[in-house]
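Fold and contact review
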Amino acid sequence: MCIRDRYKMWPEAVFLHAHYDQHDRAVSIMMEHSPSAWTHDLFVDSLQKVANSDLHYRAIYFYLREQPMLLNDMLIALAEKLDLPKTVAVLKRTGYIALTQSFLQHVQGHNIEAVNEALNEVLLENDDHQGLRASVLEYDNFDQMKLVKVLEKHELLEFRRIAAILYRKNKKYVESLNLSKADGLHRDAVETALDSKKPELAEHLLRYFISIKEREFFAVCLYTCYELLKPDVVTELTWRFGLFEFAMPYMVQTMREMNNRLDNLTKKLEDIHKKEEKFAAKGEEEPPPMEEIIGGLTSSVPALMPPPDMMMPGLMSLPQLMPGPGMMDMGMMNMALMGTGMNMGMGMGMGGMDMGMNPGMMGMNMGMMPGMGMRMGTTTGSTQQ
């Protein structure tokens, strides 16, 4: 190192430090002895590999002092290594942030508030309304109301137009509409009324165009805000101010829509009537099957009997009392049901089915027809004997 210092061999020293991965030292030597030791490519390559991140921000001051035209290239190469909010703060302190517009546009894709606000200030200072409009529409992470207060008082019309757009994006439709009306931006005013989805704003704008005798924009508003305007209001204004020629397309479209709705409603009613007639005819021709009727009658029978475990000793459960296959055919069942009915009672009445309990005997009589029946019982008293 003494020989290096004595003979001013700074390029060789930078080469050796970079070769042995001592990049921090190589960058420091290039900044300290830039006339002979600095080269842009080697400096940027070594700067990307340094361990001390403070060298990144020292490099900003170095380039501003000695190579300002290459500052954007250096920052873009280091974009992934930099703390962007801190970098913007450093650039603002230098007072030369306008030189880094290319870098700010390169990193704006991260949608960082500090970057967005810095770039918007640069674009506003450069009177670049197209760039500013693209920036605020695509990247919204910034203090929008603060920028609006500056733009709405700007001397250039296009910047006031951007203010109206920002009002609209923040759902301040009345302020946006008033600003567009004041600047004569009727197309923007119509778009604001449409975005608001508020019928009262669309009607207000319609009356405004009538008051300033802008008949063409009256027609434009009818076409654009068709869904927001009421036909009775449009008809009244058209009749009062003689605007039938400009309102006729709206009226034609309204009549067409009403006819379509009536046609759809008529078709639905006809389909309903056809279905009702079809069901009525089907009900008269095809009565419900007998199995469904019998099933409905017998479905409640199990509910009349107590559970098997709660029956008294000697009383047969329902499945034991019901006849098995071959003991009684369906014809007899139908005759019994239709002729005499079925009556179930506990210890009272006669005929049909009689279920009685007395101390000496428990039994059940099932009557199928008058004068004819089946008796199934169990005599508990005699069995016990």
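Just so it is clear, the model here is predicted, and its values are computed rather than measured.

1. Looking at the overall build of the chain
For the chain, the count of helices and strands is 24 helices and three strands. Residue burial in the chain is summarised as follows: out of 385 residues, 34% are buried. Long-range contacts, defined here as pairs at least 24 residues apart, represent 49% of the contacts in the chain between residues at least 6 apart. Surface summary for the chain: the accessible area is close to 24300 Å², and the carbon and sulfur share equals 57%.

2. Regarding the packing of aromatic side chains
All told, the structure shown has seven aromatic pairs when counted by the stated rule. Taking 5.6 Å as the distance between ring centres and 45° as the angle between the ring planes, the aromatic pair formed by Phe43 and Tyr63 counts as tilted. Here Phe43, found in helix 5 (residues 40-47), pairs with Tyr63, found in helix 6 (residues 54-66); they are 20 residues apart in sequence, far enough to count as distant. A centroid spacing of 5.8 Å and a plane angle of 50° characterise the contact between Tyr208 and Phe209, whose relative ring orientation is tilted.

3. A word on the environment of Phe217
As for its placement among the helices and strands, Phe217 is situated in helix 17 (residues 215-224). Residues in contact with Phe217, not counting those within four places in the same chain, are His186, Arg187 and Phe209.

4. Here we look at the nonpolar core
One finds Phe43, Ile60, Met74, Phe103, Leu104 and Leu151 to be the most contacted residues of the largest nonpolar core, which totals 54 residues. Setting aside residues no more than four positions away along its own chain, Ile60 makes contact with Leu71, Met74, Leu75, Thr87, Val90 and Leu91. Counting 26 residues, the second largest nonpolar core, distinct from the first, contains Tyr173, Ala189, Tyr208 and Leu222.

5. Looking at a nonpolar patch on the surface
On the surface, Trp239, Phe244, Met248 and Val252 cluster together into a nonpolar patch covering about 450 Å² of accessible area. Of the residues forming the nonpolar patch, the biggest block, three residues, is contributed by helix 19 (residues 244-285).

6. With respect to the layout of surface pockets
Space inside the second largest pocket adds up to approximately 210 Å³. Residue lining of the second largest pocket: Lys92, Glu117, Asn120, Glu121, Leu124, Phe142, Asp143, Lys146, Leu147 and Val150, and that is the complete set. When residues of the lining of the second largest pocket are traced back to their parent elements, those giving at least two are helix 10 (113-125) and helix 12 (144-151). The leading source of residues in the lining of the second largest pocket is helix 10, at four residues.

7. Quick notes on the confidence of the model for the chain
Residues of the chain with pLDDT of at least 70 account for 71%, and the chain-wide mean is 79. Low pLDDT (under 50) marks residues 296-305, which in the prediction has seven contacts with non-local residues, meaning those over four places away or in another chain.

8. Thoughts on helix 3 (residues 23-32)
A large share of helix 3 lies buried, amounting to seven of its ten residues. Among all positions of helix 3, only His23, Ala26, Val27, Ser28, Ile29, Met30 and Met31 are buried.

9. Topic: the packing of helix 5 against helix 6
Put simply, helix 5 and helix 6 touch, their axes get as near as 11 Å, and they point 155° apart. By the angle class used here, helix 5 and helix 6 are roughly antiparallel. At the point where helix 5 passes helix 6, the crossing takes the left-handed sense. Residues His40, Phe43, Val44 and Leu47 of helix 5 pack against Leu55, His56, Ala59, Phe62 and Tyr63 of helix 6. Residues belonging to the contact of helix 5 with helix 6 are distributed by class as follows: seven nonpolar, two polar and no charged.

10. What about the packing of helix 16 (residues 199-211) against helix 18 (residues 231-241)?
At a closest axis distance of 12 Å, the pairing of helix 16 and helix 18 adopts a crossing angle of 10°. Considering their axes alone, helix 16 and helix 18 lie roughly parallel with respect to each other. Side by side, helix 16 and helix 18 meet where Glu203, Leu206, Arg207 and Ile210 of the first sit next to Val233, Val234, Leu237, Arg240 and Phe241 of the second.

11. So, the environment of His129
Tracing the chain through its elements places His129 in helix 11 (residues 129-138). When its relative accessible area of 28% is taken as the criterion, His129 is described as partly exposed. Sequence separation between His129 and Glu158 is 29 residues, and the spatial gap between their C-alpha atoms is 6.4 Å. Setting aside residues up to four positions removed in sequence, His129 forms contacts with Glu158, Phe159 and Ile162.

12. Quick notes on the pattern of salt bridges
Considering all chains together, one arrives at nine salt bridges under this definition. A salt bridge links Lys49 to Asp45; the shortest N-O distance between them is 3.5 Å. The exposure class assigned to Lys49 is partly exposed, which follows from its relative accessible area of 46%. Take Asp45: its relative accessible area is 33%, and that puts it in the partly exposed class. Salt-bridge contacts for Asp195 lead to Arg168; the nearest nitrogen and oxygen are separated by 3.7 Å. Highlighted residues: Asp195 in helix 15 (residues 186-196) and Arg168 in helix 13 (residues 157-169), separated in sequence by 27 residues. A relative accessible area of 36% means that Asp195 is categorised as partly exposed.

13. What about the environment of Leu132?
Tracing the sequence through the fold places Leu132 in helix 11. Owing to a relative accessible area of 0%, Leu132 belongs among the buried residues under this scheme. Sequence spacing of Leu132 and Val122 is ten residues, and the spatial spacing of their C-alpha atoms is 9.1 Å. In this structure Leu132 touches Asn120, Leu123, Leu124, Leu151, Phe159 and Ile162, once residues within four positions along its chain are discounted.

Quick notes on the rules
Residues numbered from 1 in each chain as written. Predicted model: local features only at pLDDT ≥ 70, side-chain atom pairs only at ≥ 80, totals over all residues. Heavy atoms only, no water. Helix = DSSP H or I, 4+ residues; strand = E, 2+ residues; numbered from the N terminus. Buried < 20%, exposed > 50% of the residue type's maximum accessible area, 1.4 Å probe, protein only. Contact = heavy atoms within 4.5 Å. Areas by Shrake-Rupley, 256 points an atom, 1.4 Å probe, with all protein chains shown as cover. Phe/Tyr/Trp six-rings, centres within 6.5 Å; stacked < 30°, edge-to-face > 60°. Core = buried A, V, L, I, M, F, W, Y, C linked by side-chain atoms within 4.5 Å. Patch = residues over 30% accessible without salt bridge, like charges linked within 9 Å, V, L, I, M, F, W, Y side chains within 5 Å. Salt bridge = Lys/Arg side-chain N within 4 Å of Asp/Glu carboxyl O. 1 Å grid on protein atoms, 1.4 Å probe; cavity = no way out; pocket = protein on both sides within 12 Å on 5 of 7 lines; lining within 4 Å. Points joined across faces, edges and corners; volume = space filled by probe spheres on them. pLDDT = per-residue confidence, 0-100. Axes fitted to C-alpha atoms, helices over the stretch in contact; angles between N-to-C directions. Parallel < 35°, antiparallel > 145°, perpendicular 65-115°, else oblique. Left-handed = near helix turned anticlockwise from the far one by under 90°. Nonpolar A, V, L, I, M, F, W, Y, C, P; charged D, E, K, R; others polar.

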